[in-house]
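Inside the fold
Chain residues, written in single-letter form:
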Amino acid sequence: MSQATSRSRRSGIRRGEAASGWLFTAPVILLLGVFLVIPVLMALWVSFSDWGGRGSPFSSDVNFVGLKNYSTLLAGGGLAESDFGTALKNNAWYVVLVVPIQTAVALFLAVLVNRAILRGRGFFRTAFYFPSVTSSVAITVLWLFLFSTSGAVNKVLSWFGINGPNWFNDPSGIIHNFLGLFGVTTGPAALTQNTLLGVSWWDWLGGPSVAMTAYMIMAVFTTSGTFMLLFIAALQNLGGDITEAAMMDGANGWQRFWRITLPQLRPTLFTVLTLGLIGCWQVFDQIYTGSKGAPSKTTLTPAYLSYQTSFTNQEWGQGAAIAFILFIIIVLFTIFQRWVLRERPVSKRRMRPYDAMVIAATAPSNSSGSGLKGGQA
């Protein structure tokens, strides 16, 4: 009887705890539902409709058009497909170059600042992090002055005899410019005649434009400080026992970092790469403040194209479709990144030396033990 009573009391307490938990989380769930889930579902409906931006998207005048908005962007063969392909190409190069560079710079700064022998570490942490808390609009306006034709960057380059480019007005690709140094100005027919999303393969492989390169430098400058703090926090939580053992075994600094420190930073590395990937695919405010896709649409990004298509061209269905295609791209890249950084078992080839050492260490004891047993017998 007492056991049944105690069980009912425990179940009553658990029900009370569950009710309290739902009560405390209800405001957050309500806010997320009203300001996140419902707008996302509305935008999803808009991407499958012909809503023009006036009135309710659920009115009787709005028609369901299926995948028409998506097919126009991906296989329409017109200006919409060409603009989307150009924006995707620009942003792809932005992601491919910015994400690894900003991650490497952030890790380098974290290792540098985390060294105990460095004096004034607090000052350097603040100095490296300060660009991250500055308004992106203000940084973009500053960048427009620094990278202008007569700006400070070209002035510094002139000291070394380099005639700096007209950064934000140069639509040429940096890889095309590099090939031009060797006299290669046009690509083979296989690259120039075949297209993907309305853009030739020769343009896809041309690299980011000079104008987009200036934005990429700005992205590395403004985001490395934030990721540096994440790496510093991870480095300070690492134990020193394994590193000391490696030092006693004769491992140099690079071997300790590559074989010991970096594998322990895998969770933080995944976080930094994921945040960098999402941020780079969603670049918008710098483009809106700076060039608005110019010159020749070489700084156009999918996020800005979605805004331009919706608010300027009043084609809200295509704008919402661009946003959801971008969402799918980010999810796929994140899954691929997680697969690359997953924990892998040690291969048999690498385990052979350790197995041989274990066998060699246990062999004398086994032989001595067998000899002892034979003598006793």
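Residues numbered from 1 in each chain as written. Predicted model: local features only at pLDDT ≥ 70, side-chain atom pairs only at ≥ 80, totals over all residues. Heavy atoms only, no water.

Secondary structure assignment for the protein chain yields 17 helices and two strands. Considering only residue pairs separated by 6 or more positions, the protein chain has 68% of its internal contacts joining residues 24 or more positions apart. Working note: accessible area of the protein chain is about 23100 Å², and carbon and sulfur atoms make up 67% of it. (Helix = DSSP H or I, 4+ residues; strand = E, 2+ residues; numbered from the N terminus. Contact = heavy atoms within 4.5 Å. Areas by Shrake-Rupley, 256 points an atom, 1.4 Å probe, with all protein chains shown as cover.)

Now for the environment of Gly293. Position of Gly293 relative to the elements: it lies in the loop between α14 (285–289) and α15 (302–312). Along the sequence, Gly293 and Ala87 sit 206 residues apart, while their C-alpha atoms lie 8.7 Å from each other.

What follows covers the pattern of salt bridges. Counted according to the given criterion, the structure contains one salt bridge. Two residues, Asp83 and Lys297, come together in a salt bridge whose shortest N-O distance is 2.7 Å. Highlighted residues: Asp83 in helix α3 (residues 79–113) and Lys297 in the loop between α14 and α15, separated in sequence by 214 residues. Taking the relative accessible area as the measure of exposure, Asp83 reaches 13% and is therefore buried. (Salt bridge = Lys/Arg side-chain N within 4 Å of Asp/Glu carboxyl O. Buried < 20%, exposed > 50% of the residue type's maximum accessible area, 1.4 Å probe, protein only.)

For helix α5 (residues 136–146), every residue scored as buried is listed here: Ile139, Thr140 and Trp143. Axial view of α5: buried residues confined to an arc of 100 degrees, hence all on one face. Measuring from the side-chain oxygen of the N-cap residue of α5 to the backbone nitrogen of Val137 gives 3.3 Å; that N-cap residue is Ser135. (Arc of directions from axis to C-beta. Polar contact = N/O pair within 3.5 Å; in protein donor to acceptor, adjacent residues only side chain to side chain.)

Here helix α2 (residues 68–75) crosses helix α16 (residues 316–340) at 70 degrees, and the two axes come no closer than 9 Å. Put simply, α2 runs roughly perpendicular to α16. Residues Asn69, Tyr70, Thr72, Leu73 and Leu74 of α2 lie in contact with α16, whose contacting residues are Gly317, Gln318, Ala321, Ile322, Phe324 and Ile325. Taken together, the residues of the contact of α2 with α16 break down into seven nonpolar, four polar and no charged. (Axes fitted to C-alpha atoms, helices over the stretch in contact; angles between N-to-C directions. Parallel < 35°, antiparallel > 145°, perpendicular 65-115°, else oblique. Nonpolar A, V, L, I, M, F, W, Y, C, P; charged D, E, K, R; others polar.)

Quick look at the nonpolar core now. Buried together is how nonpolar side chains tend to be arranged in soluble globular proteins. Counting residues in each nonpolar core, the largest one holds 58 residues, and the members touching the most others are Phe84, Tyr94 and Trp281. Elements with a minimum of two residues in this core: α2, α3, α5, α10 (210–236), α13 (266–281), α15 and α16. Dropping the residues within four chain positions of it, Tyr94 is found in contact with Val99, Met212, Tyr215, Met216, Ala219, Cys280 and Val283. Judged by nonpolar contacts, the second largest core, of five residues, contains Trp51, Val62, Trp316 and Ala320. (Core = buried A, V, L, I, M, F, W, Y, C linked by side-chain atoms within 4.5 Å.)

Now for the environment of Thr261. One can find Thr261 in helix α12 (residues 253–264). Note on Thr261: relative accessible area 15%, which makes it buried. Spatially, the C-alpha atom of Thr261 lies 8.0 Å from that of Leu238, the residues being 23 residues apart in sequence. Look past the residues within four positions of Thr261 in its chain and what remains in contact with it is Leu235, Leu238 and Arg256.

Here Val113 is to be found in helix α3. Taking the C-alpha atoms as reference, Val113 lies 9.7 Å from Phe123; in sequence the two are ten residues apart.

Between α10 and α13, the least distance of the axes is 10 Å, while the angle of their chain directions is 170 degrees. Regarding the angle of α10 to α13, the classification is roughly antiparallel. Together, Phe227, Leu230, Phe231 and Ala234 of α10 and Thr268, Leu269, Val272, Leu275 and Gly276 of α13 make up the contact between the two elements. When grouped by side-chain class, the residues that make up the contact of α10 with α13 number seven nonpolar, two polar and no charged.

Once that is clear, we can look at the side chain of Thr301. Of note, Thr301 is situated in the loop between α14 and α15. Taking the relative accessible area as the measure of exposure, Thr301 reaches 0% and is therefore buried. Among all residues touching Thr301, those that are not within four sequence positions of it are Ala87, Asn91, Met212, Val283 and Ile287.

Scope: geometric values only; no functional claims are made or implied.
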